[in-house]
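Observations on the three-dimensional arrangement
The primary structure of each chain is shown beneath.
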Amino acid sequence: MPTRTPRATTREDSVPETAAALVDLLNSRPYAGMADKLDTPGSATAVLRPFGQDDDAPSPQRVELVRAVRDDLVALAEQHDPDDSAGDWAAFSGRVSSVAFQQDFSTPGTVSMRQTSGDPVVGRITLAVAELVGAGTWSRLRLCANEICREVFYDTSRSRTRRWHSYEVCGNRANVAAYRARAGASPAADDAGH
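Rules used throughout
Residues numbered from 1 in each chain as written. Predicted model: local features only at pLDDT ≥ 70, side-chain atom pairs only at ≥ 80, totals over all residues. Heavy atoms only, no water. Core = buried A, V, L, I, M, F, W, Y, C linked by side-chain atoms within 4.5 Å. Buried < 20%, exposed > 50% of the residue type's maximum accessible area, 1.4 Å probe, protein only. Helix = DSSP H or I, 4+ residues; strand = E, 2+ residues; numbered from the N terminus. Contact = heavy atoms within 4.5 Å. Arc of directions from axis to C-beta. Phe/Tyr/Trp six-rings, centres within 6.5 Å; stacked < 30°, edge-to-face > 60°. Lys NZ or Arg CZ within 6 Å of the ring centre and 35° of its normal. Salt bridge = Lys/Arg side-chain N within 4 Å of Asp/Glu carboxyl O. Expected span 1.5 Å × (residues − 1). Axes fitted to C-alpha atoms, helices over the stretch in contact; angles between N-to-C directions. Parallel < 35°, antiparallel > 145°, perpendicular 65-115°, else oblique. Left-handed = near helix turned anticlockwise from the far one by under 90°. Polar contact = N/O pair within 3.5 Å; in protein donor to acceptor, adjacent residues only side chain to side chain.

**Topic: the nonpolar core**
Within soluble globular proteins, side chains that are nonpolar generally end up buried alongside one another. Leu22, Leu73 and Ile125 are the most contacted members of the largest nonpolar core, which has 33 residues in total. It is helix H3 (residues 60–78) that contributes the most residues to this core, seven residues altogether. Once you skip the residues sitting within four places of it in the chain, Ile125 turns out to touch Leu22, Leu25, Phe51, Val66, Val69 and Leu73.

See below:
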């Protein structure tokens, strides 16, 4: 019997599909000098496709609603203390209050949520958020600690303490800057002030 060589996995391989779609949605906002991806029909369609957007350009009303939902979710991703996020969760809940679901038990042995009202794309975004919250993984969505970057990423570290979307890019820059700041504050400079 032939032996299979296991495929090496990367951190990004372990990001759940739902989380990856939400990360892409949150990173569609204007940040780090990039334009809002919801401003152009083609990129808006691509960003929203995982949430059920067909190949037609989304309506202006849908785009505006998604922008507002996205802003609520970015605010939630910025929160690290669950006690401080109650207001942000309330804002998100209010924003998606027109979306309603009903349990569907029509397939034996399974239950699914069928949307009964509200924008269908926003409904799928809401279900994606609910999936991550229910799995206890919403807190893995983070904003890069580099104030110039602020890219949203999914923290795949076991300890859930990753700070940079890319250590090679943002983490390394921060470490070099911190080293240079420490090196600039030499003991001779400290003695001159006394």
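**A few points about helix H2 (residues 41–48)**
Looking at H2, one finds that the buried residues are Ala44, Thr45, Val47 and Leu48. Down the axis of H2, the buried side of the element spans an arc of 165°, and every buried residue falls inside it. Buried-residue contacts for H2 involve helix H1 (17–26), H3 and helix H5 (120–135).

**Examining unusual backbone geometry**
Look at Ala32: it is not a glycine, yet its phi comes out positive at around 50°. Structurally, Ala32 can be placed in the loop between H1 and H2. Notably, Arg150 is not glycine yet its phi reads approximately 65°, a positive angle. In this structure, Arg150 sits in the loop between strand S3 (141–143) and strand S4 (152–154). On the basis of relative accessibility, which here comes to 19%, the residue Arg150 falls in the buried class.

**A closer look at the packing of aromatic side chains**
Inspection of every chain in the model, using the stated rule, returns two aromatic pairs. Cluster of aromatic residues (ring-pair linked, three or more members): Trp89, Phe92 and Trp138. We note Arg29 situated over the ring of Tyr31; from NZ or CZ to the ring centre the distance is 4.4 Å.

**Details of the pattern of salt bridges**
Enumeration according to the criterion identifies 10 salt bridges in this entry. Linking Arg70 and Asp36 is a salt bridge whose minimum nitrogen-to-oxygen distance equals 2.8 Å. Linking Arg70 in helix H3 with Asp36 in the loop between H1 and H2, this pair joins segments that are 34 residues apart in sequence. Measuring nitrogen to oxygen at the nearest pair gives 3.3 Å for the salt bridge that ties Asp155 to Arg142. Of this pair, Asp155 sits in the loop between S4 and helix H6 (167–184) while Arg142 sits in strand S3; the two residues are 13 residues apart in sequence, bridging distant segments of the chain. Its relative accessible area of 16% is what places Arg142 among the buried residues. One salt-bridge network, held together by shared partners, links Asp36, Asp39, Glu64, Arg67 and Arg70.

**Regarding H3**
Here H3 spans 27 Å end to end across 19 residues, near enough to the 27 Å set by a 1.5 Å rise per residue. Buried within H3 are the following residues: Arg62, Val63, Val66, Arg67, Ala68, Val69, Arg70, Asp72, Leu73, Val74, Leu76 and Ala77. Looking at the buried positions of H3, the neighbouring elements they touch are H1, H2, helix H4 (86–95), H5 and S3.

**Looking at the environment of Ile148**
You can see Ile148 is positioned in the loop between S3 and S4. Taking relative accessible area as the criterion, Ile148 reaches 71% and is therefore assigned exposed. Taking the C-alpha atoms as reference, Ile148 lies 9.1 Å from Cys170; in sequence the two are 22 residues apart.

**Comments concerning the packing of H3 against H5**
H5 packs onto H3 with a crossing angle of 15° between their chain directions and a minimal axis gap of 10 Å. In terms of orientation, H3 and H5 fall into the roughly parallel class. Regarding H3 and H5, the two cross each other, and that crossing is right-handed. Residues Arg62, Leu65, Val66, Val69 and Leu73 of H3 form the contact with H5, whose participating residues are Pro120, Val121, Val122, Ile125 and Val129.

**Points about the side chain of Arg142**
Engagement of the side chain of Arg142 in a polar contact is seen with the side chain of Asp155, the distance being 3.3 Å. For Arg142, the contacting residues outside a window of four places in its chain are Ala77, His80, Glu151, Val152, Phe153, Asp155, Arg160 and Arg162.

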